[in-house]
Amino acid sequence: MKKILTRFLLPLVITALILFFFFRDISFIDIKENFLKIPLSTLLAFIFLSMLGTLLRAVKYHILLSRKLAFSDIFLITLVRNFAVDLLPARSAALIFYTYLTKKKGLSLEEGASSFVVSVFYDGLALSFMLGGLVFFLKTGINKTAIYSGILLVFLVSVGMIFFSDKVIGFVLGFRITRRFKKIENPLKNIHTYLLNHKSNSERIIVFILSFFIRIIKYIFIYMLFEGVVQIGWGTKIFSVFSFSLAITELSSLLPIQGLGGFGTWELAFAVSFGAMFTAYAISRSTIQSAGFVIHITTQVWEYFIGLLAFLYLNIKTRRHSKRNLNSNQTESDATGES
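Residues numbered from 1 in each chain as written. Predicted model: local features only at pLDDT ≥ 70, side-chain atom pairs only at ≥ 80, totals over all residues. Heavy atoms only, no water.

Just give me the short version of the nonpolar core, but keep the residues and values in it.
Phe226, Phe242, Phe244, Phe270, Phe274 and Phe278 are the most contacted members of the largest nonpolar core, which has 81 residues in total. Counting residues per element, this core draws most heavily on helix H10 (residues 201–230), at 13 residues. What phenylalanine 274 contacts, discounting residues up to four positions off in sequence, is Phe226, Phe242, Ser245, Leu246, Thr249 and Ile288. (Core = buried A, V, L, I, M, F, W, Y, C linked by side-chain atoms within 4.5 Å. Buried < 20%, exposed > 50% of the residue type's maximum accessible area, 1.4 Å probe, protein only. Helix = DSSP H or I, 4+ residues; strand = E, 2+ residues; numbered from the N terminus. Contact = heavy atoms within 4.5 Å.)

Break down the pattern of salt bridges for me, citing the residues and quoting the values.
The tally for this structure, following the rule as stated, stands at 9 salt bridges. Close ionic contact of lysine 317 with aspartate 73 constitutes a salt bridge, the shortest N to O distance being 2.9 Å. With lysine 317 in helix H13 (residues 285–338) and aspartate 73 in helix H4 (residues 71–84), this residue pair connects regions lying 244 residues apart in the sequence. A residue is classified by how much of its surface remains accessible, and lysine 317, at 31% relative accessible area, is partly exposed. Linked by salt bridges that have partners in common, Arg57, Lys60 and Asp123 make up one network. (Salt bridge = Lys/Arg side-chain N within 4 Å of Asp/Glu carboxyl O.)

A description of the packing of helix H6 (residues 109–134) against H10 should follow, citing residues and the corresponding values.
Following both chains from N to C, one finds H6 and H10 inclined at 65°, their axes separated by 8 Å at the closest point. The chirality of how H6 crosses H10 is right-handed. Across from Tyr122, Asp123, Leu125, Ala126, Leu127, Phe129 and Met130 in H6, the residues of H10 making contact are Arg204, Val207, Phe208, Ser211, Phe212, Arg215, Ile216 and Tyr219. Taken together, the residues that form the contact of H6 with H10 break down as 11 nonpolar, 1 polar and 3 charged. (Axes fitted to C-alpha atoms, helices over the stretch in contact; angles between N-to-C directions. Left-handed = near helix turned anticlockwise from the far one by under 90°. Nonpolar A, V, L, I, M, F, W, Y, C, P; charged D, E, K, R; others polar.)

Rendered as C-alpha cells:
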C-alpha cells in the first residue's frame, strides 16, 4: 500500500496540482498552436538525432558490458532505458528495466547495475565539460558563482566515482565486519571485480568521448524543439543560456518525489529555470511554459512509442528463444530415452 501511495497516488496528486496552476496561464489550444509552429523537417531531424544519440549510448553500454551481449540486444535495451528514465525518481525505473533485461540475457545483476551507474557518472563528467566550455558565452543576470560551483561539484563527483570507486569498495572489503555479512560481501566483490576490469585509460577515453557527443546531440535536438516554439534563432550565446537552463531543469529528476512520469515537476522546473535564465530575452512566461510542455510531450511520446516497441520485441524474442531451447532439450531427452 505504501509503494502504491509513493509511486502512483502521490505523484498523480503532485502532477494534478502543478498542472492546475499551470493551466491558469496557458491552455491546451496554446500548446497545440505552439506545437504546430515546429516545422516537419525539425521533427524529423529530432527523431534522427534522438536515434543517433541512442545508437552512441548503445555503443557505450556495449563497451561497459565488455561486449558480452549482441549489439542489437544492447540497442533495444537502450531504447527501453530511454523511455523508463522518467517513470520513477532518480532514474530508478531505467536502472530496474536495464538490469532486468541484461540479467535475462545472461549477465549478473551486479554487472548490469554497475555498467548503468558508471555510465551515469560519465554522463555527468561529459556535462561538466560541455557546460564548462559554454560558460564563456553565457550572458545572464544570475550570479555565475553558483554556476561555477555547480559545474565543479558535478565534475568532482563524477571523477571521484569513475576513478576511485574501485579503491573505496576495495577498502570496504578489507574490513572484517564486511566478511561476516556474505549477502553484502559477495555483491561488493562482484562490483569490485567489474570496476577493476573497466579501468583502462583507453576505455575511459572512448567512453568519455561517446558520453560527450551523446550529451551534445541531446541538447541540440531539444534546442531544436525549443527554437521551433519560441523562434529565437540560433547562436552560441543563446545555446549556452539554453544548455544551462536545461541542465538545471534535469535536476528535477533527482527529487525523491515527482510528478507521474515526471510530468508537472519537469514543467515546473523548466518554467522556473528558463524564466530566470532568459530574462534578457523578450519571451513571455506563457510561451516558456508552452515550450516546456511541447518539449516534454514530444520527447516522451517518441521515447515511449519506440521504447515500448523495443520492450515487446525483446520479450517476444526471449520467449521464442526459451521455447526453442525447451523443445530442443525435450527432443534430446526423447532421443536418449529411445536409445
